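Chain residues, written in single-letter form:
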Amino acid sequence: MDSSVTKGLDALASLARATDDGGRHGPAVTASELARRMDRDRSQLSRMLTAMTAEEFAVRDEVSGGFAPHWRLYATARDLTAHRLRTDGLTALEGMAAETGESCYLGVLAGDTTVTIAERVPPGSRQLGSWIGRPFPAYCSDCGQALLSDADDEEVAAVFARTEFVRHGPNTPTGLDDFLSRLEATRRRGYSIVDEEAEPLLYSVAVPVRDFSDEVVAAVQVVGPRRRLQPRTEECVTAALRWAGHLETALRGA
């Protein structure tokens with residue numbers, strides 16, 4: 001790649017990280033501050049940022065004189081993330097299904113529900129129809145805890161502010177406090193185990209998937225009969241962690 005393009009991309013990536021960290025002037029970062037962070041010449045970097053602003057890769061705050069990435073970059077990145085979740089996500093599910101021999105799903109959060117956006121079901125599965133596009137209550141779904149694992153308790157409470165905790169299985173959380181106690185265990189482990197919460201005799205493990213901003217945007221799941229999956233929990237978790245990592249690498253463009 002041309003060195004000037006490489007330098008430009010490095011500057012843009014550093015600008016994004018700097019604004020996320022919070023510069024001295026709030027969300028905008030001055031050329032001097034960015035030059036210090038990157039150990040680069042300030043005048044050269046200033047010219048580069050001015051050119052980026054003209055091409056709408058960056059915006060300049062007229063009050064502080066600082067720079068920040070243009071909002072269109074985030075919108076484009078989100079669109080690319082959504083696309084890769086469905087393409088690279090399916091690749092991850094195929095790998096998980098091949099390793100575990102079980103049904104594997106990719107889910108996202110939608111309000112207080114989770115929605116399956118991709119699935120890979122092994123031959124001979126007794127699943128009736130597809131789960132793609134079908135919402136399910138996040139408080140007891142196979143991936144709800146994984147998707148909410150980075151949210152703090154107040155954010156989780158806001159998600160379920162108007163949610164009635166209806167029983168779907170013998171171990172469905174009875175309310176917010178019960179869900180939060182299970183969520184804390186998920187946070188400590190780095191993955192969730194849902195044991196007869198979604199429906200009787202159903203067992204699953206789920207691993208959160210993070211995008212370029214380190215935000216949880218999806219979760220991969222291995223789902224099956226409790227009698228078969230519970231003894232294989234470690235094996236299923238290992239596969240889910242590996243393929244979640246594979247998908248995260250794709251989402252981050254590495």
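Residues numbered from 1 in each chain as written. Predicted model: local features only at pLDDT ≥ 70, side-chain atom pairs only at ≥ 80, totals over all residues. Heavy atoms only, no water.

### With respect to the sheet that holds strand β7 (residues 202-210)
The pairing of strands in a sheet happens through backbone hydrogen bonds and is either parallel or antiparallel.
Stage number 1. Taken in spatial order, the 6 strands make up an open sheet running β5-β4-β3-β8-β7-β6, and their pairing is antiparallel. In the strand order of this sheet, the two ends are held by β5 (135-137) and β6 (192-195), each with one partner. When the angles between neighbouring strand axes are averaged without regard to direction, this sheet yields 35°.
Stage number 2. When strand β3 (residues 103-110) meets strand β8 (residues 216-225), the two strands line up antiparallel, connected through 5 bridges. Across the sheet, the residue bridging to Gly107 is Ala219, located in β8.
Stage number 3. Across the sheet, helix α9 (residues 233-251) is in contact with β3, β6, β7 and β8; its angle to β7 comes to roughly 25°. (Pairing = 2+ DSSP bridges. Helix = DSSP H or I, 4+ residues; strand = E, 2+ residues; numbered from the N terminus. Axes fitted to C-alpha atoms, helices over the stretch in contact; angles between N-to-C directions. Contact = heavy atoms within 4.5 Å.)

### What about unusual backbone geometry?
Stage number 1. One non-glycine residue, Asp39, lies in positive phi territory at about 60°.
Stage number 2. Residue classification places Asp39 among the exposed residues on the basis of a relative accessible area of 71%.
Stage number 3. In the Ramachandran plot, Leu201 falls in the positive-phi region, its phi being about 70° despite a non-glycine side chain.
Stage number 4. Inspection of the secondary structure puts Leu201 in the loop between β6 and β7.
Stage number 5. Leu201 gets classed as exposed once you look at its relative accessible area, which sits at 60%. (Buried < 20%, exposed > 50% of the residue type's maximum accessible area, 1.4 Å probe, protein only.)

### Re the environment of Glu196
Stage number 1. Here Glu196 lies in the loop between β6 and β7.
Stage number 2. Accessibility expressed as a relative area gives 14% for Glu196, which makes it buried.
Stage number 3. Remark: the alpha-carbon pair of Glu196 and Asp142, spanning 54 residues in sequence, is separated by 9.6 Å.
Stage number 4. Ignoring anything within four residues of it in the chain, the contact list for Glu196 reads Gly169, Pro170, Asn171, Thr172, Leu201, Leu202 and Arg226.
Stage number 5. In this structure the side chain of Glu196 is engaged in a polar contact, spanning 2.8 Å, whose partner is the backbone nitrogen of Leu201. (Polar contact = N/O pair within 3.5 Å; in protein donor to acceptor, adjacent residues only side chain to side chain.)

### Observations regarding the pattern of salt bridges
Stage number 1. Overall, the coordinates contain 14 salt bridges when judged by the stated rule.
Stage number 2. Where Arg187 meets Asp153, a salt bridge forms, and the shortest distance between an N and an O atom there is 3.1 Å. Linking Arg187 in helix α7 (residues 176-189) with Asp153 in helix α6 (residues 153-159), this pair joins segments that are 34 residues apart in sequence.
Stage number 3. Residue Arg187 is classed as partly exposed on the basis of its relative accessible area, which comes to 25%. (Salt bridge = Lys/Arg side-chain N within 4 Å of Asp/Glu carboxyl O.)

### Section: the nonpolar core
Stage number 1. Counting 28 residues, the largest nonpolar core has Leu85, Met96, Leu106, Val220, Val222 and Leu247 as the members making the most contacts within it.
Stage number 2. Elements supplying a minimum of two residues to this core: α4 (71-100), β3, β4 (113-120), β7, β8 and α9.
Stage number 3. Per-element accounting of this core gives the leading share, 7 residues, to α9.
Stage number 4. Setting aside chain neighbours within four positions, we find Leu247 in contact with Arg84, Leu85, Asp88, Gly89, Ala92, Leu106, Val209 and Val220.
Stage number 5. The next biggest cluster of nonpolar side chains, apart from the first, holds 16 residues, and it includes Phe136, Phe160, Phe179 and Leu202. (Core = buried A, V, L, I, M, F, W, Y, C linked by side-chain atoms within 4.5 Å.)

The quantities given are spatial measurements derived from coordinates; they are silent on function.
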